[in-house]
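Analysis of the macromolecular model
So you can see what is in the structure, the chains are spelled out below.
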Amino acid sequence: MQNTCYHCGSINKNNSYSALVLQELRYFCCPGCQAVAEAIVQNGLENYYSFRSELAAKAADNDSDILQSLRLFDEKSISDEFVYQDKQGSEIQLSIAGINCAACGWLIEKQLSQLSGIKKVGANVMAKRLVVIWDNQQLKLSQILQKIQQIGYAAKPFQAEQHEALHQLENKTLLKRLGLAGLMTMQVMMLNLGVFFDLFGHIDSETKHYFSWVSLILSSPVAFYSAMGFYLSAFKALKAGSVNMDVPISFALICIYISGCYATLTHSGQTYFESLCMFVFLLLISRFLEQSARFKATQVSSNLLNHMPTMATLLINGEHQVVLAKTLLVGQQVLVKAGQVIPIDGKVVQGIVQVNESMLTGEFELATKHPQDKVYAGTINQVGTLVVEVSHELKFSLANQINQLQHAALMAKPKIAMLADRVAQYFVLFVLITAALTFTAWYFIDADKAFWVAISVLIATCPCALGLATPVSLTCVIANLNKQGVLLKRADVLEQLNNIDWVGLDKTGTLTEGHFALQELRNLSQLTNSEILKIAASLEQYSSHPIASVFKQHPELVEVEHAQELIAQGIVGNINGIEYRIGSNRLMNLDIPADLQEFSVYLANEDTLLAAFKLSDTLRKDAEELITYCKPRHIALLSGDTPLAVKSLADSLHIPHWHAQLDPQQKLDIIIQAQNAGHKVLMVGDGINDAPVLAQADVSITLDMSTDLAKSSADVILLENNLHKIPILFALARKTQRNIKQNMSWAIGYNMLILPLAVFGVLSPLTAVIGMSLSSLLVVLNASRLLRN
């Protein structure tokens, strides 16, 4: 009979509830825990109880009440706030309470995978988050949450404040273990250093033995509590038939403690309790710094969500009504006064204001917003009052998209990180084998020293630094880039940027501002200029190209039927039964007179060219700086504009290679041709007409943060439309590569240097502890330099 619940560890008074688990009868405190255990066994997942490192949370008793509350998440008004729809199906991020170890993640993934309709499920144990993609025609969200509930975990849609609370709880536990180890290390070191260096004068054997007992007592909490995480991690790895870096660490700690206990009890041999305490203390410092660095990398996007206001002032027929920001719908208007946070993504319909967008772009200079300009949720209206028309619901806001994409980038592993993981795993085996051979050799040389020399080998050569070399560097640089308004969709972009030798640049909206002005109108018809502009504006309202902004300001519009946008060509539509076309010369199917070849946009009806428009655009002030920076590489200007306009821009920026009047397919062909010639291609485009090219390039960058980030084909998104961020990205990519090489060189070099010293008995366990721990600390501190600009 057992006194505690086998599932949750609660006091079990009467043993009324039982179930057969792992071929033994187990007892539970309540029917809820019993039901959870039975569900786990029935689904063939009882190995969870073998692998778990911590007890589960107590299960709820009343299943009907739970099911009723979970069904609320099936309500469209509630689920729409958290569930994202894409071509794969419905997707949600869940916060999981009670997930403590890798076994918990494995159990949840296996349990959900058995549900019909689940397409993909992935657990991030460190972040205590779960991503689920499912077919909502076959499966309801409440069924997913209920399945998780059945095995003893509480799942709720992810929210930034919950993520912060989970991190704080994990941090608190680690700090407790670290604090205890630090306190005991000071006490044990004080006693033993006094003995080693004869600081207390001549000490008789009885006093030394007394000090050994004190050291044993002080070291025991460190060995059994502070170091528990290492033991559990090593145990899980061995149970799974593999090894990790905690295996040699745990073996060394256990051996040091047991040998110290033996030496103390028998009054023989040497104790190294100070080595044990310092080893655990320094290891926990390394883990704490690593965890802090990783959290900083996710803190940027979490801070964005924390800054999102919960309330908004809705305008209804001139009256003000305070509502929840998440209930705002597209087309509604909200009032934002000076000093308030803008609650939703939208466009300005009234007011000229200055907005602080630093939380998105990293730039602290205020941005002036006029009517029709875009504003974003979470930014701060500093000066003036404005009315904003909602363009996206809150869950589709730019800040929410940044959070999703950043999470995906941190989950991706570049090749060098995967290589380091494989090398570290093999090196662990090498360390264990070397320690065994060292012990055997020293047993015949000097049996008294064999054990401690082998322990020194285990400690000194543990590849902790090698395992930290890449992940800490990557998380730090991603945090730095996010702070500067550069969003990565793939972490391996930093690796590929260092190999770029061919750069493709779009013209409109990339090298130029994309703010067009009508320079000249050439009217070739009997219509008045006003009628020509009215037709043009009516057609261009259906265009997504920046050029359309020139015509959209026209006050009078006419109805257009069957309007169709042809990418990189223009708009076709019927007005009063007549088909009109506006766009580039490729759309006209008419001969363009020689004197109109330099015009950018043409208007025609079914068989007649009606007008030509010459537009002017402003060159970005940092375009020349970018071209100068990229000069060692092959640079090509790829544009759909007229040859005259493209050549003029290319000459002004000294770009030797340019291509004009290209459609998306022709741009794609040029990129593929460059790749087939062995080049690594970077493409910089506006994210609208360049989607195929951005997807094909080895690395792609877009400057247009107004597009849907999640659907963008680009690998890198500049949240502020400034080209000077691209040299910064290249510079940080080089620094990251150099930083990782430094870390790996140090980790491998240290192990190659320290291994002979340890094998030949030069190092004591204490020296080995200090060397290994300082090696890991150096890697973390070196990687942390990437957090600075």
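Here, the structure is the one placed above.
These numbers come from a predicted model, not from an experiment.

Parameters and conventions
Residues numbered from 1 in each chain as written. Predicted model: local features only at pLDDT ≥ 70, side-chain atom pairs only at ≥ 80, totals over all residues. Heavy atoms only, no water. Pairing = 2+ DSSP bridges. Helix = DSSP H or I, 4+ residues; strand = E, 2+ residues; numbered from the N terminus. Patch = residues over 30% accessible without salt bridge, like charges linked within 9 Å, V, L, I, M, F, W, Y side chains within 5 Å. Areas by Shrake-Rupley, 256 points an atom, 1.4 Å probe, with all protein chains shown as cover. Salt bridge = Lys/Arg side-chain N within 4 Å of Asp/Glu carboxyl O. Lys, Arg positive; Asp, Glu negative; His and termini not counted. Charge placed at Lys NZ, Arg CZ, Asp CG, Glu CD. Buried < 20%, exposed > 50% of the residue type's maximum accessible area, 1.4 Å probe, protein only. Axes fitted to C-alpha atoms, helices over the stretch in contact; angles between N-to-C directions. Phe/Tyr/Trp six-rings, centres within 6.5 Å; stacked < 30°, edge-to-face > 60°. Core = buried A, V, L, I, M, F, W, Y, C linked by side-chain atoms within 4.5 Å. Contact = heavy atoms within 4.5 Å.

Turning to the pairing of strand β22 (residues 578-583), a few remarks are in order. When strand β21 (residues 570-575) meets β22, the two strands line up antiparallel, connected through six bridges. By the bridge assignment, Ile575 is partnered in β22 with Ile578. Linking β21 back to β22 in an antiparallel pair, the connection comprises two residues, with Asn576 at a positive phi of about 55°. Relative to strand β23 (residues 601-604), β22 runs antiparallel, the two being bridged by three bridges. Note that in β23 the partner of Gly583 across the bridge is Tyr602.

On the surface, Arg734, Lys735, Arg738, Arg785 and Arg788 cluster together into a positively charged patch. In this structure, Arg734 sits in helix α26 (residues 725-759). The class of Arg734 is partly exposed, set by a relative accessible area of 38%.

A separate point is the sheet that holds strand β12 (residues 353-356). An order of β13-β12-β15 is seen for the three strands of this open sheet, with the pairing classed as antiparallel. Among the strands making up the open sheet, the edge pair consists of β13 (367-369) and β15 (380-383). Adjacent strand axes in the sheet meet at a mean angle of 45° when their direction is disregarded. Strand direction decides the pairing type here: β12 and β13, joined by three bridges, are antiparallel.

Below, the discussion takes up the packing of aromatic side chains. Aromatic ring pairs are reported here in terms of the distance separating the ring centres and the angle at which the planes meet. Counting across every chain of the model gives ten aromatic pairs. Seen in terms of ring centroids, Phe224 and Tyr257 are 5.3 Å apart; in terms of plane orientation they differ by 80°. Their pairing is edge-to-face. Within this pair, whereas Phe224 is found in helix α8 (residues 205-226), its partner Tyr257 is found in helix α10 (residues 246-266), the two being separated by 33 residues in sequence. Given a relative accessible area of 13%, Tyr257 falls into the buried group.

A few words now on the nonpolar core. Membership of the largest hydrophobic core comes to 49 residues, with the highest contact counts inside it found for Phe230, Leu253, Phe279, Val280 and Ile459. Sequence-distant contacts of Phe230, that is, excluding residues within four places in its chain, are made with Asp246, Ile249, Ser250, Leu253, Val280, Leu283, Leu284 and Arg287. Leu474, Ala479, Val684 and Ala783 belong to the second largest nonpolar core, which has 47 residues in total.

Glancing now at a nonpolar patch on the surface. Taken together, the side chains of Tyr426, Leu429, Ile433 and Leu437 make up a nonpolar region of the molecular surface, amounting to roughly 450 Å² of accessible area. Here Tyr426 shows up in helix α14 (residues 415-445). Residue Tyr426 is classed as exposed on the basis of its relative accessible area, which comes to 60%.

Moving on, we get to the sheet that holds strand β10 (residues 333-336). Read across the sheet, six strands follow the order β9-β8-β10-β16-β11-β14 without closing on themselves; strand pairing throughout is antiparallel. Among the strands making up the open sheet, the edge pair consists of β9 (319-324) and β14 (374-375). Summarising the sheet, β10 and strand β16 (residues 386-390) pair through four bridges and their orientation is antiparallel. Bridged to Val334 within β16 is Val388.

Within the fold, Val222 resides in helix α8. Sequence-distant contacts of Val222, that is, excluding residues within four places in its chain, are made with Leu180, Ala181, Met184, Ala227, Leu276, Cys277 and Val280.

Summarising the element assignment, Gly577 is placed in the loop between β21 and β22. Considered as a pair, Gly577 and Glu561 are 16 residues apart in the sequence and their alpha carbons are 8.5 Å apart.

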